[in-house]
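# A closer look at the structure
As a plain string of letters, each chain reads:
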Amino acid sequence: MEFRDLKTQYLKHKETIDTAMQKVLLSGHFIGGEPVSQLEEKLADYVGVKHCIACANGTDALQLALMAWEIGPKDAVFVPDLTFFSSGEVVPLVGAVPIFVDVYRETYNIDPDSLRKAVEYVIHNTDLRPRVIVAVDLFGQPAEQQAIREIADQYGLLVLEDAAQAFGGMIGDKKTCSFGDISTTSFFPAKPLGCYGDGGAVFTDDDGCAERLRSIHVHGKGSGKYDNVRIGMNSRLDTIQAAVLLQKLQFFEEEVEACNRVAAKYDERLRGAVKIPSILENMRSSWAQYTICLKDGKEREQVIAQLQADGIPSAVYYPKPMHRQTAFADHLIEAVSCENTEYICERCLSLPFHPYMEDADINAVCESIRKALR
Ligand SMILES: *Cc1c(COP(=O)(O)O)cnc(C)c1O
């Protein structure tokens, strides 16, 4: 069994994907061009925002957003303590200071109360200016974007929605990547919408922001390629990846629905035995991960060992809170305690998951877990 099987999807759609890739090869144009602009249009349309700028990966997407807002030294950026490293990494990269905020045990997403406390702490105890909230939609479920927006409005902060794991997620009838002043996603192969290499995108409704993002992602270009008006990056999506994504986008909605059916089956078979993921009412997850929590670290070890013995892969997302990462040690400001993140990091376990997962495999995973707990 594979942790996230990408081959089944490819074999199912092999003909259309091969044809699309071959068309790019035959065109002889590998950077930019029609597939990229067409993809940007389709993605903006799917999400329901005005502008989409495709870029090289989800980490660059976050950096591009911070650069477009000119975030830098003496600026504080609030980041959940439970997330992939990128969400925090880009903050010192632009010279700003990350402030880590606790998450909910139930949803694994940012706890607005902890966020508010962290903002107050920064205002009263540091010489930093609170500027940005990185609102991560972890494992596929949107964060509580309404509550986050209220705090942002109250303190005059910008919201950067990091939807790298949650493309296709929804709150009510609104899609992820539409909740931030700027929102980002990743097309890393194992993300809900993945390409065959690295890829990412930035979304915004703000015309001025979109223009700056377009410039920054191609060396700070001005009127043309050799007119450079600011320091930027080289962060473009390859034409061939855009061609793959255009094909995958056609059946993406079906896949998100299929993911939700797989999750419901896991729920049914694991409820009561372990803590299953809680999806809030009115929300749809796009299931980058199906993550359970065990009673304690020892129980998690037992489960991992049993799964391994049964030939089933599993993964710990994430073993370490952001505030404990060595990379942040030099400038760490502990504004709030992150006990829930510590709790989750000791107990969480992500199970094999993909839209084409067969019942027999789901049953095998659940049976192995139940065996470990007996
Ligand atoms: C994967 C991920 C990123 C980074 O995306 P890349 O395309 O791998 O650079 C950023 N944030 C989160 C939450 C992620 O899971």
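Residues numbered from 1 in each chain as written. Predicted model: local features only at pLDDT ≥ 70, side-chain atom pairs only at ≥ 80, totals over all residues. Heavy atoms only, no water.

For any two helices packed against each other, one specifies the inter-axial angle together with the distance between the axes. For the pair helix 3 (residues 34-47) and helix 9 (residues 239-250), the least separation of the axes is 8 Å and the interaxial angle reads 40 degrees. Viewed along their axes, helix 3 and helix 9 adopt a mutual orientation that is oblique. You can see that helix 3 and helix 9 cross each other, and the crossing is left-handed. Side by side, helix 3 and helix 9 meet where P35, V36, Q38, L39, K42 and L43 of the first sit next to T239, A242, A243, L245, L246 and L249 of the second. (Axes fitted to C-alpha atoms, helices over the stretch in contact; angles between N-to-C directions. Helix = DSSP H or I, 4+ residues; strand = E, 2+ residues; numbered from the N terminus. Parallel < 35°, antiparallel > 145°, perpendicular 65-115°, else oblique. Left-handed = near helix turned anticlockwise from the far one by under 90°. Contact = heavy atoms within 4.5 Å.)

With that settled, the discussion passes to the site of the ligand. Looking at the ligand, there are 14 residues lining it, with G58, T59, Q165, S186 and K191 nearest. The contact in question runs from an oxygen atom of the ligand to an N or O atom on the side chain of T59, over 2.5 Å. In isolation the ligand exposes 380 Å². Once the protein is present, 93% of that is buried. In this structure the site holding the ligand corresponds to the largest pocket. At the level of elements, helix 4 (58-68) and helix 5 (86-93) are the ones that each hand at least two residues to the shell around the ligand. Class assignment of the residues belonging to the shell around the ligand gives a composition of 3 nonpolar, 9 polar and 2 charged. (Near = heavy atom within 4 Å. Polar contact = N/O pair within 3.5 Å; in protein donor to acceptor, adjacent residues only side chain to side chain. Areas by Shrake-Rupley, 256 points an atom, 1.4 Å probe, with all protein chains shown as cover. 1 Å grid on protein atoms, 1.4 Å probe; cavity = no way out; pocket = protein on both sides within 12 Å on 5 of 7 lines; lining within 4 Å. Sits in = over half its atoms within 2 Å of the grid points. Nonpolar A, V, L, I, M, F, W, Y, C, P; charged D, E, K, R; others polar.)

For the rest of this paragraph, the subject is the layout of surface pockets. Taken as a whole, the largest pocket holds about 450 Å³ of empty space. Along its surface, the largest pocket is lined by 24 residues, and F84, Q165, S186, F188 and K191 are the ones closest to its centre. Elements represented by at least two residues in the lining of the largest pocket include exactly helix 4 and helix 5. Looking at which element gives the most residues to the lining of the largest pocket, the answer is helix 4, with 3 residues. (Points joined across faces, edges and corners; volume = space filled by probe spheres on them.)

Right, let's get into the sheet that holds strand 6 (residues 170-171). Spatial strand order, 7-6-10: 3 strands in an open sheet with antiparallel pairing. Here the strands that pair on one side only, and so sit at the sheet edges, are strand 7 (174-175) and strand 10 (283-284). Examined bridge by bridge, strand 6 and strand 10 share 2 bridges and lie antiparallel to one another. When the bridges of strand 10 are listed, I171 appears paired with M283. (Pairing = 2+ DSSP bridges.)

The subject of this paragraph is the pattern of salt bridges. Under the criterion given, the structure shown has 15 salt bridges. The closest approach of N and O atoms between R129 and D75, which form a salt bridge, is 3.1 Å. Of this pair, R129 sits in strand 4 (residues 129-136) while D75 sits in strand 2 (residues 75-80); the two residues are 54 residues apart in sequence, bridging distant segments of the chain. Looking at D75, the relative accessible area reads 1%, which means it is buried. For D181, the salt bridge goes to R149, with nearest N and O atoms at 3.1 Å. Of the two residues, D181 sits in the loop between strand 7 and strand 8 (182-186) while R149 sits in helix 7 (residues 145-155), which places them 32 residues apart along the sequence. On the accessibility criterion, D181 (26% relative accessible area) is partly exposed. For R149, a relative accessible area of 22% gives the class partly exposed. (Salt bridge = Lys/Arg side-chain N within 4 Å of Asp/Glu carboxyl O. Buried < 20%, exposed > 50% of the residue type's maximum accessible area, 1.4 Å probe, protein only.)

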